[in-house]
Amino acid sequence: MAKKRSLVSINDLYDEEIEGLFTLADEMGLALKRREMLDLCRGMIMATLFYEPSTRTRLSFETAMLRLGGMVISVADAMKASSAAKGESIRDTVRVVQNYADIIVMRHPADGSTKLAAHNTDVPLVSGGDGTHEHPTQTLCDLYTIRREKESIKGMRVALCGDLKYGRTVHSLAYGLARFGAKLVLVAPLGFEMPPHVLNWLKYRYNCTPETYCRLDEPLPASTSGRRSAAHLLFDDVISDIDVIYLTRIQRERFQTKGEAEAAEESYSMNAAMLKKAKSDALILHPLPRQAELSYKIDEDRRAGYFRQVAYGVMVRMALVAFLLGLKKIKAPKTIEAPIKFVRAKNARCANEKCIIKSAEGTQPRFVKSNGTPGAIQCYWCDQEIPSENDKTGLGRRQVGLLPD
Ligand code: NCD
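Quick summary incoming for the structure in this document. (Residues numbered from 1 in each chain as written. Predicted model: local features only at pLDDT ≥ 70, side-chain atom pairs only at ≥ 80, totals over all residues. Heavy atoms only, no water.)

**Remarks on the sheet that holds strand β4 (residues 125–130)**
Next, step 1: Strands sit in the order β2-β1-β3-β4 across an open sheet of 4 strands; the sheet is parallel. A strand with exactly one partner marks an edge of an open sheet, and here the two such strands are β2 (71–75) and β4. For this sheet the average axis-to-axis angle between neighbouring strands, irrespective of direction, equals 15°.
Next, step 2: Of the strand pairs in this sheet, strand β1 (residues 45–50) and β2 are connected by 5 bridges, and their pairing is parallel. The residue of β2 that forms the bridge with Met46 is Val72. (Pairing = 2+ DSSP bridges. Helix = DSSP H or I, 4+ residues; strand = E, 2+ residues; numbered from the N terminus. Axes fitted to C-alpha atoms, helices over the stretch in contact; angles between N-to-C directions.)

**Details of the packing of aromatic side chains**
Next, step 1: All told, the structure shown has 8 aromatic pairs when counted by the stated rule.
Next, step 2: Aromatic pair Phe342 and Tyr380: ring centres 4.9 Å apart, planes at 85°, arrangement edge-to-face. Of this pair, Phe342 sits in the loop between α12 (306–324) and β10 (367–369) while Tyr380 sits in the segment after β11 (377–379); the two residues are 38 residues apart in sequence, bridging distant segments of the chain. Accessibility classification places Phe342 together with Tyr380 in one group, the buried group.
Next, step 3: Ring centres of Tyr380 and Trp381 lie 5.0 Å apart, and the angle between their planes is 65°; on these two criteria the pair is classed as edge-to-face. (Phe/Tyr/Trp six-rings, centres within 6.5 Å; stacked < 30°, edge-to-face > 60°. Buried < 20%, exposed > 50% of the residue type's maximum accessible area, 1.4 Å probe, protein only.)

**Considerations on the site of the ligand**
Next, step 1: Close contacts around the ligand come from Arg56, Thr57, Arg107, His135, Gln138, Arg168, Thr169, Arg249, Gln251, Pro287, Leu288 and Pro289, and that covers them all.
Next, step 2: At 2.8 Å, a side-chain N or O of His135 approaches an oxygen atom of the ligand.
Next, step 3: The backbone of Pro287 places a nitrogen or oxygen atom 2.9 Å from a nitrogen atom of the ligand.
Next, step 4: Contact with the protein chains covers 94% of the free accessible surface of the ligand, which is 310 Å².
Next, step 5: The set of elements that each furnish at least two residues to the shell around the ligand consists of α2 (56–67) and α7 (168–179).
Next, step 6: In the shell around the ligand, the residues fall into 3 nonpolar, 5 polar and 4 charged. (Near = heavy atom within 4 Å. Polar contact = N/O pair within 3.5 Å; in protein donor to acceptor, adjacent residues only side chain to side chain. Areas by Shrake-Rupley, 256 points an atom, 1.4 Å probe, with all protein chains shown as cover. Nonpolar A, V, L, I, M, F, W, Y, C, P; charged D, E, K, R; others polar.)

**What about the nonpolar core?**
Next, step 1: Judged by nonpolar contacts, the single largest core of 66 residues is most densely connected at Leu140, Leu160, Leu177, Leu202 and Val321.
Next, step 2: When residues in this core are grouped by element, the largest group, 11 residues, is from α12.
Next, step 3: When neighbours within four sequence positions are excluded, Leu177 is seen to be in contact with Leu143, Ile146, Ile153, Val158, Leu160, Ala182 and Leu184. (Core = buried A, V, L, I, M, F, W, Y, C linked by side-chain atoms within 4.5 Å. Contact = heavy atoms within 4.5 Å.)

**Thoughts on the packing of helix α1 (residues 15–33) against α12**
Next, step 1: In the contact formed by α1 and α12, the axes pass within 8 Å of each other and the chain directions differ by 120°. Taken as a pair, α1 and α12 cross one another with a handedness that is right-handed. Facing α1, whose interface residues are Glu17, Leu21, Leu24, Ala25, Met28, Gly29 and Leu32, α12 presents Val314, Met315, Val316, Met318, Ala319, Leu320, Ala322 and Phe323.
Next, step 2: Here the residues of the contact of α1 with α12 sort into 13 nonpolar, 1 polar and 1 charged. (Left-handed = near helix turned anticlockwise from the far one by under 90°.)

**Some thoughts on the environment of Asp12**
Next, step 1: The topology assignment puts Asp12 in the segment before α1.
Next, step 2: Exposure remark for Asp12: the relative accessible area of 33% places this residue in the partly exposed category.
Next, step 3: C-alpha separation for the pair Asp12 and Pro136, spaced 124 residues apart in sequence, amounts to 9.0 Å.
Next, step 4: Residues in contact with Asp12, not counting those within four places in the same chain, are Arg5, Ser6, Leu7 and Glu17.
Next, step 5: Within polar-contact distance, the side chain of Asp12 engages the backbone nitrogen of Val8 at 2.9 Å.

**Digging into helix α4 (residues 90–97)**
Next, step 1: Turning to α4, its buried residues number three or more, namely Ile90, Thr93, Val94 and Val97. Along the axis of α4, the buried positions cluster into a sector of 90°, meaning they face one direction only.
Next, step 2: The inward-facing, buried residues of α4 abut β1, β3 (103–108), α5 (113–119) and β4. (Arc of directions from axis to C-beta.)

**Details of helix α6 (residues 136–150)**
Next, step 1: Look at α6: 21 Å from first C-alpha to last across 15 residues, which is about the 21 Å you get at 1.5 Å a residue.
Next, step 2: Buried residues dominate α6, accounting for 12 of its 15 residues. (Expected span 1.5 Å × (residues − 1).)

**A few points about the packing of α6 against α12**
Next, step 1: Where α6 contacts α12, the axes come no closer than 8 Å and their chain directions differ by 115°. In terms of crossing hand, the pair formed by α6 and α12 is right-handed. For the pair formed by α6 and α12, the contact residues are Thr137, Gln138, Leu140, Cys141, Asp142, Tyr144, Thr145, Arg148 and Glu149 on the first element and Arg308, Gln309, Tyr312, Gly313, Met315, Val316, Arg317 and Leu320 on the second.
Next, step 2: Across the contact of α6 with α12, the residue classes tally to 7 nonpolar, 5 polar and 5 charged.

**Overview of the sheet that holds strand β7 (residues 211–212)**
Strands belonging to one sheet form pairs held by backbone hydrogen bonds; the direction of such a pair is parallel or antiparallel.
Next, step 1: Strand order in the open sheet made by the 5 strands is β7-β6-β5-β8-β9, with parallel pairing throughout. Only two strands of the sheet have a single neighbouring strand rather than two, namely β7 and β9 (283–285).
Next, step 2: Direction of pairing for strand β5 (residues 157–161) relative to strand β6 (residues 183–187): parallel, over a ladder of 5 bridges. The partner of Arg157 across the bridge, within β6, is Lys183.

**Remarks on the pattern of salt bridges**
As a working rule, side chains carrying opposite charge can pair if their charged atoms are close by.
Next, step 1: One pass over the full model with this rule turns up 17 salt bridges.
Next, step 2: Notably, a salt bridge pairs Arg254 with Glu52, separated by 2.9 Å at the nearest N-O pair. Here Arg254, found in the loop between β8 (244–247) and α10 (258–266), pairs with Glu52, found in the loop between β1 and α2; they are 202 residues apart in sequence, far enough to count as distant. The same class applies to Arg254 as to Glu52, namely buried.
Next, step 3: In the salt-bridge network here, residues are joined through shared partners; they are Asp26, Arg147 and Arg148. (Salt bridge = Lys/Arg side-chain N within 4 Å of Asp/Glu carboxyl O.)

**Quick word on a nonpolar patch on the surface**
Next, step 1: Side chains of Ile73, Val96 and Tyr100 sit close together on the surface and give an oily, nonpolar patch of about 260 Å² of accessible area.
Next, step 2: Its location among the elements puts Ile73 in strand β2. (Patch = residues over 30% accessible without salt bridge, like charges linked within 9 Å, V, L, I, M, F, W, Y side chains within 5 Å.)

Printed below as a string of structure tokens:
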């Protein structure tokens, strides 16, 4: 039997597989256009298990499964409507749900939660977003949109703007863009910059050092109407040279100080005046939902690609589901997958308060060699590097061995 494949990080897929998925998505799109009935997934069931709100991700996965001739069972508000409300662990929930479904799509507020779930199921588990960590299927939709509308990803200057700290879409997307040879420009208000572990991974693994407009040296000016903020001034300098402008909202639900969010949102909003400075063939994308950072006034401009991006989501997810269920084959490089090598670091501690390790009872802390900084270790669940003061023994840097799971 073929090995079960899950998708909890965009880096779980080889480049060739991502390209293969896009070719498959093109085929799915043609079938949808011809209104052909597909019955690839006849008799199969998808379970969607969403512990956080969602419109696009859950419904597009469910649409994809139905369009493939399969069936869907769903818990849309799993924190309240599943046994999570009675204290059931993620591990138990997915072990149960795998008896009902052939594939599980899950969204959860803790970083690394979908990886933990994938470890505890025998059916493929797809992440619909895990906390502030990653959102791999949104990235597939984003990369596919760029490829469809711009033909190639390679060489494109892509600006990721907004909440790069708490926004999971931009983490996965940064990896994907770097892998396919795009040039990254990062634009974030003070306090919302791309996390160090993502930057380190980009630098050391993918040899990509983004141009960054994150580090504003002065505090954001008080929001007085008509006055442009520091982020605006900086972004103004480069906007005329950007091929793809990817906006994201400030993830207000992920931190406490709401005033901060308002000031930040105003600092990088895309409106008619900003769009005038953009290239005539620029592509504006947004994973949605939007807040003040994306004006409704630009929706009718042909450069506004965010609703086309939504439409592509169904065909991309159809391709992914068919692939993970083993119903469509994609050629991948014949590499022998090495077993995960955990690092013995007894006193190390993941400092990420949003990591699943902080809330999932009975889950072992696990550390692996960092994908970023050479010689460092990272949390296996959430990918964040372990600051050396949390790894007092230094063992993490020396002893590498296999631990039983
Ligand atoms: C995103 C998410 O949930 O991370 N939405 C989506 O899936 N399209 C973006 C967001 O919530 O800001």
